[in-house]
Amino acid sequence: QLGTAIGFLLPPVLVPNTPNDIDLMAHNIGIMFYGTAIVSTLLFFLTGVVFEEKPKYPPSHSQAVLQTKPPEDYSYKQSIINLFKNIPFILLLISYGIMTGAFYSVSTLLNQMIVTHYEGEEVNAGRIGLTLVVAGMVGSIICGLWLDYTKTYKQTTLIVYILSFIGLLVFTFTLDLGYLIVVFVTGGALGFFMTGYLPLGFEFAVEITYPESEGTSSGLLNASAQIFGIVFTLVQGKLTTDYSPRAGNIFLCAWIFVGIILTALIKSDLRRHNVNSGIMNLDVKAVSGDS
């Protein structure tokens, strides 16, 4: 999320709007892309050098149980089939895709929406995007702590979904008031709840799909988010260009409302939590994964 925040802040600074000098704009875009490539390559090497295959000790009893199974018994194909037979996961897959896709769309088109109503405010549009993401980082941490404390996965997910819907409605109908400070506040509130939803969706998915691989369920959630994100960005961009930012945002509001209904229909079967709760009543000590 911090990287996304930097992605909002730096491009307007590195590539200022110079419509009368296309060569300078092309030069600035080149610097931005080469810089991104260098940072990405460095991260690639760091990942290979720093990360280990797995932690020395299993982080929970549910993970310790999974590590007792030999790797050759795992079938990626069968895991996919099992997940698509899991109705609660399918509902979460769609609702997660809707929420995250809407967030991707708003993030992508934020600059266009701001500049439509506040001409020449490209730098402030980047700052609003920064505010949106930083508030979302805080939201992610708070939602994660709340989830650890209460274990109310469905209730928390549904409440944050509803608050995101309300936040987008308020953002939509206050965007054209002519006060940038209002956009900063409503954008921050929107980011707080929409980004705060992201870890909730992953954790809820792991709970209702255990003992399936977390990598498989997370991969499917990400794929769903990308698909919805592409479609939403294209449609919202078309509506924003042909009509107004309000039309594009109302389109997203309608889909998020559908996501609220789907989330409410999810059966909350906390399989991983049940395994962990069962073992916590016993005197069990962590053992090395190599033992």
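Cut-offs used in this document
Residues numbered from 1 in each chain as written. Predicted model: local features only at pLDDT ≥ 70, side-chain atom pairs only at ≥ 80, totals over all residues. Heavy atoms only, no water. Helix = DSSP H or I, 4+ residues; strand = E, 2+ residues; numbered from the N terminus. Buried < 20%, exposed > 50% of the residue type's maximum accessible area, 1.4 Å probe, protein only. Contact = heavy atoms within 4.5 Å. UniProt positions renumbered as here; feature names shortened; annotations may be inferred. Expected span 1.5 Å × (residues − 1). pLDDT = per-residue confidence, 0-100. Phe/Tyr/Trp six-rings, centres within 6.5 Å; stacked < 30°, edge-to-face > 60°. Core = buried A, V, L, I, M, F, W, Y, C linked by side-chain atoms within 4.5 Å. Axes fitted to C-alpha atoms, helices over the stretch in contact; angles between N-to-C directions. Parallel < 35°, antiparallel > 145°, perpendicular 65-115°, else oblique. Left-handed = near helix turned anticlockwise from the far one by under 90°. Nonpolar A, V, L, I, M, F, W, Y, C, P; charged D, E, K, R; others polar.

*Asks:* Explain the overall build of the protein to me, and be specific about the residues and the numbers.
*Replies:* When helices and strands are counted, the protein shows 11 helices and zero strands. For the protein, the proportion of its 291 residues judged to be buried stands at 40%. Of the contacts formed within the protein by residues at least 6 apart in sequence, a portion of 81% connects residues at least 24 apart.

*Asks:* Give me the lowdown on the UniProt feature "transmembrane region" (unreviewed entry) in the protein, citing residues and values where you can.
*Replies:* UniProt annotation of "transmembrane region" (unreviewed entry) refers to residues 31-51, 87-106, 126-146, 158-175, 181-206, 218-235 and 247-266 when read in the numbering used here. Taken as a whole, residues 126-146 contains 100% helix and 0% strand, while its terminal C-alpha atoms sit 30 Å from one another. Along residues 181-206 the backbone is 100% helical and 0% strand, and the end-to-end C-alpha distance reaches 39 Å.

*Asks:* Tell me about helix α7 (residues 153-174), and please be specific about residues and values.
*Replies:* One turn of an α-helix holds 3.6 residues; hence residues three or four places apart share an orientation. Helix length check: α7, at 22 residues, gives a terminal C-alpha distance of 31 Å against a target of 32 Å (1.5 Å per residue), a fit within 8%. Taken as a whole, α7 has its buried residues at Y153, T156, T157, V160, Y161, S164, F165, G167, L168, F171, T172 and T174.

*Asks:* Describe the side chain of S217, with residues and values.
*Replies:* Here S217 shows up in helix α9 (residues 214-242). By relative accessible area, S217 is classed as buried at 1%. Setting aside anything within four residues of it in sequence, one finds S217 in contact with L83, F89, V206 and T209.

*Asks:* Residue-level account of the confidence of the model for the protein, with values.
*Replies:* Summing up the model confidence of the protein, the mean pLDDT is 83 and the portion of residues at 70 or higher is 87%. Within the protein, the element-level pLDDT minimum falls on helix α11 (residues 271-280), averaging 57, and the maximum on helix α10 (residues 245-265), averaging 93. Scored below 50 in pLDDT, residues 279-291 makes 12 contacts in the model with residues more than four places away or belonging to other chains.

*Asks:* So, α10: which residues are in play, and what are the values?
*Replies:* Spanning 21 residues, α10 covers 31 Å between terminal C-alpha atoms, matching the ideal 30 Å at 1.5 Å per step. Packing partners of the buried residues in α10 comprise α5 (87-117), α7, α8 (180-209) and α9.

*Asks:* Account for the packing of aromatic side chains, naming residues and giving values.
*Replies:* Enumeration over the complete set of coordinates arrives at 12 aromatic pairs. Summarising the aromatic geometry, the rings of Y96 and F202 are spaced 5.4 Å apart at their centres and angled 55 degrees between planes, so their arrangement reads as tilted. In this pair, Y96 is assigned in helix α5 and F202 in helix α8, connecting sequence segments 106 residues apart. Feature note: the residues Y96, Y161, Y197 and F202 constitute an aromatic cluster, connected by ring pairs.

*Asks:* Help me get a handle on the nonpolar core, residues and values and all.
*Replies:* Within the largest apolar cluster, 53 residues are counted, with the highest numbers of intra-cluster contacts made by F89, I114, L168, F171 and I256. Breaking this core down by element, the ones donating at least two residues are α1 (2-14), α4 (76-84), α5, α6 (122-150), α7, α8, α9 and α10.

*Asks:* Hey, could you go over the packing of α5 against α8 for me, with residue numbers and the actual values?
*Replies:* One way to put it is that α5 packs onto α8 with a least axis distance of 10 Å and a crossing angle of 155 degrees. In terms of their interaxial angle, α5 and α8 are classed as roughly antiparallel. α8 is crossed by α5, and the crossing has left-handed handedness. Classifying every residue of the contact of α5 with α8 gives 19 nonpolar, five polar and no charged.

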